[in-house]
Amino acid sequence: MPQIAQLTADNWYLASQLFWLLVVFAGIYLVIGRGMLPKIEATVDARDRKVADDLAAAKAAHAAADALEESYRQQSDASRLAAQKAVAEAKDKAAKDAEKRLAKVDAELGDKLAAAEADVAAARKSAMAEIESVAAEAAGELVAKLSGVKVAPADAKAAVKAVLHG
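It should be emphasised that the depicted structure is a prediction, and the values quoted were computed from it without experimental measurement.

Before going further, it helps to examine the overall build of the protein chain. Assigned secondary structure in the protein chain consists of 3 helices and 0 strands. Listed by position from the N terminus, the elements making up the protein chain come as α-α-α. Evaluated residue by residue, the protein chain yields a buried proportion of 3% over its 166 residues. Considering the protein chain, the positive charge centre built from 22 side chains and the negative charge centre built from 24 side chains are found 3 Å apart.

Okay, here's the thing in structure tokens:
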């Protein structure tokens, strides 16, 4: 092969190629290492900072959301307790009003019952008096018809009263 033969034929040619190899690698090192690498590192650092800032903002937003949720929960609990208290007060007031109305109706019914009992007692007394009077009259007439003896109305009344009362 002629390419390999050239390399072994002349040492100068080999040194020249090694020199240019070093120059090209040095150029690549300078362009990449000194020019491009700092820009890449700066971009990576900026991205890392952005990600860290975004994570911190997300944590802060999460904490704010938790605080807002807790505040909402406390307000909801307070509203629920207030509603329960209002319902209990309304029930108590309704029960007291019902008790007052019931007591008033009970008193009216008691008065009506007492009046009705008094009327019944008066009617009974009147009926008993009338029954005694009619019974005394009937007894006097019966005795007169059966025995022919006329009984005084006061005696007949006394006899009927004794039989009826006791």
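With that settled, consider the pattern of salt bridges. This structure, assessed with the given rule, holds 5 salt bridges. Between Arg 73 and Glu 70 there is a salt bridge, with the nearest N and O atoms lying 3.5 Å from each other. On the criterion of helical spacing, the pair formed by Arg 73 and Glu 70 is a turn pair, its members being 3 residues apart in helix 2 (residues 11-147). Overall, Glu 70 belongs to the partly exposed group, its relative accessible area being 37%.

A few words now on the packing of aromatic side chains. Here the structure, examined in full by the defined rule, presents 1 aromatic pair. For the ring pair Phe 19 and Trp 20, a centre distance of 5.2 Å and an interplane angle of 70 degrees mean the geometry is edge-to-face. A relative accessible area of 48% places Phe 19 in the partly exposed class. Assessed through its relative accessible area of 51%, Trp 20 is described here as exposed.

Another point: a nonpolar patch on the surface. Residues Leu 14, Leu 18, Leu 21, Val 24, Phe 25, Ile 28, Val 31, Ile 32, Met 36, Leu 37, Ile 40 and Val 44 make up a contiguous nonpolar surface patch of roughly 1000 Å² in combined accessible area. In this fold, Leu 37 is placed in helix 2.

Along the polypeptide, Val 163 turns up in helix 3 (residues 153-165). Owing to a relative accessible area of 69%, Val 163 belongs among the exposed residues under this scheme.

Right, let's talk about the side chain of Glu 132 for a bit. The residue Glu 132 is located in helix 2 in this model. We classify Glu 132 as buried; its relative accessible area is 11%. Setting aside anything within four residues of it in sequence, one finds Glu 132 in contact with Val 160, Lys 161, Leu 164 and His 165.

Basis of the calculations
- Residues numbered from 1 in each chain as written.
- Predicted model: local features only at pLDDT ≥ 70, side-chain atom pairs only at ≥ 80, totals over all residues.
- Heavy atoms only, no water.
- Helix = DSSP H or I, 4+ residues; strand = E, 2+ residues; numbered from the N terminus.
- Buried < 20%, exposed > 50% of the residue type's maximum accessible area, 1.4 Å probe, protein only.
- Lys, Arg positive; Asp, Glu negative; His and termini not counted.
- Charge placed at Lys NZ, Arg CZ, Asp CG, Glu CD.
- Salt bridge = Lys/Arg side-chain N within 4 Å of Asp/Glu carboxyl O.
- Phe/Tyr/Trp six-rings, centres within 6.5 Å; stacked < 30°, edge-to-face > 60°.
- Patch = residues over 30% accessible without salt bridge, like charges linked within 9 Å, V, L, I, M, F, W, Y side chains within 5 Å.
- Areas by Shrake-Rupley, 256 points an atom, 1.4 Å probe, with all protein chains shown as cover.
- Contact = heavy atoms within 4.5 Å.

Structural measurements only, silent on function.
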